[in-house]
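Each chain, letter by letter, is given below.
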Amino acid sequence: MLKKDVIGQQEVWNRLMEMVQENRIPHALMFCGPEGCGKLAMALAFASYLLGDSPMLNKWEHPDLHFTYPTIKTSDMGSDHTPVSDDFIKEWREMLLKDGPYVLIGEWMQKMGKSDADLNKQAIITAEESDALAKKLIMMSSQGGYKISLIWLPERMNQQSANKILKLLEEPPRQTLFLLVSEQPELLLETIRSRTQRIDFKKIATEDIEQALIERRALEPDMAHRIARIANGNWNAALEELNAGNEKRQHLDMFIMLMRLAYMRNIHDLKKWSEVVSTFGREKQKRMLDYFMHMLRESFMYNFRQPELNYMTQEEENFARNFARFINEANIIDISNLFEESKRFIGQNANPKIVFFDLALKIIVLLIRK
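These lines cover the structure that appears in this document, whether it is placed above or below. (Residues numbered from 1 in each chain as written. Predicted model: local features only at pLDDT ≥ 70, side-chain atom pairs only at ≥ 80, totals over all residues. Heavy atoms only, no water.)

**Points about the side chain of Q285**
Let me state the cut-off plainly: The way it works is that DSSP assigns letters per residue, a run of H or I at least four long becomes a helix, a run of E at least two long becomes a strand, and they are numbered from the N terminus. Working definition: with a 1.4 Å probe on protein chains only, accessible area under 20% of the residue-type maximum means buried, over 50% means exposed, and in between means partly exposed. Note on definitions: a residue-residue contact is assigned when non-hydrogen atoms from the two residues lie within 4.5 Å.
Positionally, Q285 belongs in helix α13 (residues 282-302). Taking relative accessible area as the criterion, Q285 reaches 0% and is therefore assigned buried. With sequence-adjacent residues up to four places away left out, Q285 is seen in contact with V277, S278, T279, F280, I346, P352 and F356.

**Description of the sheet that holds strand β5 (residues 197-200)**
For clarity, the threshold we go by: Whether two strands pair depends on DSSP finding at least two bridges between them. To define axes, lines are fitted to C-alpha atoms, for helices over the stretch in contact only, and angles between the resulting N-to-C directions are given on a 0 to 180 degree scale.
The strand order β2-β3-β4-β1-β5 describes an open sheet built from five strands, whose pairing is parallel. Of all strands in the sheet, those bounded by a partner on one side alone are β2 (65-68) and β5. With direction set aside, neighbouring strand axes in the sheet form an average angle of 20 degrees. In this sheet, β5 lies alongside strand β1 (residues 28-32) in parallel orientation, the contact comprising four bridges. Looking at β5, one finds that C32 is bridged to D200. Packing against the sheet, helix α1 (residues 10-21) makes contact with β1 and β5, and its axis sits at approximately 150 degrees to β5. Sitting on the sheet, helix α2 (residues 39-50) is in contact with β1, β2, β3 (147-152) and β4 (176-182), with an inclination near 165 degrees to β4.

**A look at empty space enclosed by the protein**
We count it as follows: A 1.4 Å probe that fits but cannot get out identifies a cavity on a 1 Å grid over protein atoms alone, an open set with protein on both sides within 12 Å along at least five of seven lines counts as a pocket, and a residue lines either if it has an atom within 4 Å of a point. Grid points are joined across faces, edges and corners, and a volume is the space filled by probe spheres set on the points. Classification used: nonpolar for Ala, Val, Leu, Ile, Met, Phe, Trp, Tyr, Cys and Pro, charged for Asp, Glu, Lys and Arg, polar for all others including Gly.
In the structure shown here, the tally under the stated rule is two cavities of 30 Å³ or more. In this structure, the largest cavity encloses a volume near 100 Å³. Taken together, 14 residues line the largest cavity, and the ones lying closest to its centre are G36, K39, L40, V103 and E183. In terms of lining residues, the second largest cavity is bounded by E241, K248, R249, L252, Y291, T313, E315 and E316. For the lining of the second largest cavity, the secondary structure elements donating two or more residues are α11 (247-263) and α14 (314-323). Residue composition of the lining of the second largest cavity, by class: two nonpolar, one polar and five charged.

Laid out in C-alpha cells, this is it:
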C-alpha cells in the first residue's frame, strides 16, 4: 500500500512525513474524519512506509502489523466462544486486497456474516480482543523495527475492551505504534483520546475524486465531475453512484414510501412499512436513518433554489422537487431529532418494529406543521 493509492489528503501525508523526518512519531495517532475520506487508506499507507514496504504487505501478512476491528459472534461459533479479530483475519485481508482500503462497516458485516441472523447483530471490539492484542504486542518486533497496532473503529469497543486498550496506551510496549482510525471519536473515553495525537482529515477535494474516477474507473470527464460533486468528499459515495443496485437506492425507496404514506395518513401500510424495515440488520437500519437525514437536509435546501447548495442524484432531485415544500423551518429540527433518536434506540437494541412504527406515526404530525 503506497501513498499513491490514497486519494488526495496530501496535507496529512506531509504532516506524517515531517514527524518521521524530525524523529517525533508519537506512540499513538488517531486518524479522525468523515466517512470515505481515506483514513484507513492513509493508516495502511503509513504503516507500510514504516515497515519498509515489505513483500509480506502485499497480502497484509506482515508479522509486525496487527489488525483490530469490530467483530460479531456468528452462528457457527460455539456458545462459549467470544469473537476476536483473528477469527476473521482471512476475510479482512481478502477484503483489503479485493475491495481496497475504503471500507464501510456494512460491507465488513457482509464479509463476516454467515446467516441473516448474523447481520442483525452489532459489531463490537471485545475485551478478549484487547487481551489478544496485548499478548501480541509484548513480543519483540520480528523485523527489528516498529510493531504497529492498527485499530479500525475503536469507538466500537465495549467498556471492558476500552479500559484494557487504555492501559496499553498508558504503558505502551517498546517500539509500538498505535494507529486508531475513528469516525466518531467523541464516543471514545476521554482518557483514550488524551493519550493519542489526533489528526483530522478533511473531505477529499472534489478535484481529487474526479481525477481518481477518471484514472481508476475510466469515466468520461463530464460524468466524473458530476459524480465527484454528488460524492461531496466521500469516495465511498462516489463508488455507490457507479453501482446501479446500490443500497442508497433502496434507502431512497423506503424514504419515499414513508413520506407518501405519512402524507396520506395510511396507518395500515405504515405498519407494514415498519415491519419491512425491522427485518433489516441493525447496522443497515442505522445507515438507512443516516440516509433519511441526508434527504431531509437536501429537501430543505432545495427550497432555496440554489443548485450549488444541493448534492442529490437525479432520482433524489426528482422526488425532492415536489416533496421539499413539506420540509420547512417549523419541522426540520424535530424531524431530524426524530431520526437521530430512532438511530440511538436501534443502537441500544430497542425493538425495531416499535421504533419504526413510532417514527412513522410522528412523521404524520410533523409533515403538516407549517
